[in-house]
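So you can see what is in the structure, the chains are spelled out below.
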Amino acid sequence: KHLDALNSYVILKLTMPSVPNFYQECIDHPNCLCVLALSGGYSQQDAVELLSRNPKMIASFSRAFTEGLKADQSDEDFQGTLEKSIRLIIQGQQQQEESPQDQQEL
């Protein structure tokens, strides 16, 4: 209803929903360019799992992205941790596109 009243486009940045497709009405609204998913207090694994259940949401993870990083890590370990995070988040995005019907059953 509020999106209908806008004479402009919006990008929404919202907490990752635990209910699949909770923001679908917003995602499909013509005034909404995209909906970004915050990882919030979820662990990286949980955030990626929830992302995979919410098609068309775009990951905007900061805490979950940096999970496992430590100031005393070697450059190699630091890089490896970042690469693992990137792979997991990409995997969650890709799973959205594979089978939306199956995801609703999870």
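Heads up: the structure comes first, above all this text.
Residues numbered from 1 in each chain as written. Predicted model: local features only at pLDDT ≥ 70, side-chain atom pairs only at ≥ 80, totals over all residues. Heavy atoms only, no water.

1. What to know about the pattern of salt bridges
Overall, the coordinates contain three salt bridges when judged by the stated rule. Residue glutamate 67 is joined to arginine 63 by a salt bridge in which the shortest nitrogen-to-oxygen separation is 3.5 Å. Overall, arginine 63 belongs to the partly exposed group, its relative accessible area being 33%. (Salt bridge = Lys/Arg side-chain N within 4 Å of Asp/Glu carboxyl O. Buried < 20%, exposed > 50% of the residue type's maximum accessible area, 1.4 Å probe, protein only.)

2. Description of the environment of threonine 81
With respect to the element layout, threonine 81 can be found in helix α3 (residues 75–98). Not counting the four nearest positions on each side in its chain, threonine 81 is found in contact with Glu67, Gly68, Leu69 and Gln73. There is a polar contact of 2.9 Å between the side chain of threonine 81 and the backbone oxygen of aspartate 77. (Helix = DSSP H or I, 4+ residues; strand = E, 2+ residues; numbered from the N terminus. Contact = heavy atoms within 4.5 Å. Polar contact = N/O pair within 3.5 Å; in protein donor to acceptor, adjacent residues only side chain to side chain.)

3. Some details on the sheet that holds strand β2 (residues 32–38)
Pairing within the open sheet is parallel, and its three strands lie in the order β1-β2-β3. This sheet does not close on itself; its edge strands, each paired only once, are β1 (10–15) and β3 (57–60). Here the average twist between neighbouring strands, direction ignored, is 35°. As paired elements, β2 and β3 share four bridges and run parallel to each other. Looking at the pairing, valine 35 lines up with methionine 57 of β3. (Pairing = 2+ DSSP bridges. Axes fitted to C-alpha atoms, helices over the stretch in contact; angles between N-to-C directions.)

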